[in-house]
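# Summary of structural features
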Amino acid sequence: TKYVLGLVKNKEAAMASYYSGKTVLITGASSGLGKEFALQLMNLSLKAKCPIHLVLSARSQSTLAHVAKLCNEISSKSKIMIIPVDLGKFNDPNEVSAYMQELDKKLKESGLPGVDCLINNAGVSSRGSALETDQASLDMVMQINFFGPVAITKAILPDMVARGTGGAVAVVSSVQGRLGIPLRTSYAASKHAVQGYFDCLRGEIAKARITTTLISPGYIRTSLSLNAVTGNGTKYGVTDETTASGMDPGYAARESLYAIAQGTTDFLLAEGKVLAAIQAKAQFPQLLAKLTSKRMKG
């Protein structure tokens, strides 16, 4: 296998020390990497015998309820809250306000002071050339992948800063936020925007002892490509071979959670050849452009 599964004990201890007693809000928590974030935190809670509280958000209430049930079965001492959210609608201030009111209500009912760690994981991928992608499809990808995470981060940060206890903001970007390949124009654009925004945010909130971690994975075995949208907004509906042979989502979640706990700024989670391509972009941009353009031939 290309990836070594599992965490060494010192990493596990460091994670237990960091997450113990904290409240972690995860978007896109109903499946894929988001679901794995929740389950891995509960496994950590069980092994370390420390409560780790979760706020699980995604569009589907029923699917969130299933994930919450799995989490409660692993760690009965942890408090699990579910709040449905559709980041595609977070360009409406009323939607943001309603979500925050529900979050405040759930936290108070659970006796918790606030969110300590926000993991912006929800997202959508896209497939299609720039010329074939309509404006509505581009707008949707940008709203879910960029404007949505920005809106929820801006809504949660004031309380995190005011409490003065520090915290963490993490966002799941992609290696395509560092380099672009053909037929990913909308997706890469949204992830490049995420990279720029949260890089700037990091310096603004550092004095409040709030870390900002950008997680840039390569291919992970999730339904991301299956649920991707095409240039006209219809569902792609195909699991790409690269996705099917990607890294284990449990491994990706564990390593990402450790990166957040360590306050890592940029966490690149990909194969060596992908990391080499990112390096080549900085040092040999013309060569990389020629290599990526070959993907359109044949």
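Residues numbered from 1 in each chain as written. Predicted model: local features only at pLDDT ≥ 70, side-chain atom pairs only at ≥ 80, totals over all residues. Heavy atoms only, no water.

### Some thoughts on the packing of helix α5 (residues 135-163) against helix α6 (residues 185-205)
Just so we agree on the cut-off: Orientation is described by axes fitted as lines to C-alpha atoms, over the contacting stretch for helices, and by angles from 0 to 180 degrees between their N-to-C directions. The way it works is that DSSP assigns letters per residue, a run of H or I at least four long becomes a helix, a run of E at least two long becomes a strand, and they are numbered from the N terminus. For classification purposes, angles smaller than 35 degrees are called roughly parallel, those larger than 145 roughly antiparallel, those between 65 and 115 roughly perpendicular, and all remaining angles oblique. Here a crossing is taken to be left-handed if its near helix is turned anticlockwise relative to the far helix by less than a right angle, and right-handed if that turn runs clockwise. Residue contacts are counted whenever heavy atoms from the two residues lie within 4.5 Å of one another.
Where α5 contacts α6, the two axes come as close as 8 Å, and the packing angle between them is 15°. What the angle tells us is that α5 and α6 run roughly parallel. Like other packed secondary-structure pairs, α5 and α6 cross with a definite hand, here right-handed. Taken together, the residues of α6 that come into contact with α5 (itself represented by Leu138, Val141, Met142, Asn145, Phe146, Pro149, Val150, Thr153, Lys154 and Leu157) are Ser186, Tyr187, Ala189, Ser190, Lys191, Ala193, Val194, Tyr197, Phe198, Leu201 and Ile205.

### Details of the confidence of the model for the protein chain
Selection criterion: Here pLDDT means the predictor's own confidence in every residue, given as a number from 0 to 100.
When pLDDT is averaged along the protein chain, the result is 88; 87% of the residues meet or exceed 70. Contacts from residues 1-6, a stretch scored under 50 in pLDDT, to residues over four places away or in other chains number 13 contacts.

### Points about the nonpolar core
Quick reminder of the rule: The term nonpolar core refers to a set of buried residues drawn from Ala, Val, Leu, Ile, Met, Phe, Trp, Tyr and Cys, joined through side-chain atoms within 4.5 Å. Exposed residues in this analysis have more than 50% of their type's maximum accessible area, buried residues have under 20%, and partly exposed residues fall in between, with area computed by a 1.4 Å probe over protein chains only.
One finds Tyr19, Ile26, Leu54 and Leu56 to be the most contacted residues of the largest nonpolar core, which totals 43 residues. The element that contributes the greatest number of residues to this core is helix α8 (residues 249-262), accounting for 8 residues. Discounting chain neighbours no more than four positions away, the residues touching Tyr19 are Val24, Leu41, Leu44, Pro51, Ile52, Cys117, Leu257, Ile260 and Ala261. Counting 31 residues, the second largest nonpolar core, distinct from the first, contains Leu25, Val55, Phe146 and Ile156.

### Comments concerning the side chain of Ser256
Cut-off, in case you're wondering: Identification of polar contacts relies on pairs of N or O atoms within 3.5 Å, with a donor-acceptor requirement for protein atoms, meaning one able to donate a hydrogen and the other able to accept it, and with residues adjacent in sequence counted only if both atoms are side-chain atoms.
Within the element layout of this structure, Ser256 appears in helix α8. A polar atom in the side chain of Ser256 sits 2.7 Å from the backbone oxygen of Ala252. Among all residues touching Ser256, those that are not within four sequence positions of it are Phe37, Ile215, Phe267 and Leu269.

### Some words on the pattern of salt bridges
As a reminder of what qualifies: What makes a salt bridge here is a side-chain nitrogen of Lys or Arg within 4 Å of a carboxyl oxygen of Asp or Glu, nothing more.
Summed over all chains, the structure comprises 9 salt bridges. Between Glu102 and Lys106 there is a salt bridge; the shortest N-O distance is 3.4 Å. Here Lys106 and Glu102 lie together in helix α4 (residues 93-109), a separation of 4 residues that amounts to about one turn. One connected set of salt bridges, linked through shared partners, spans Asp116, Asp159 and Arg163.

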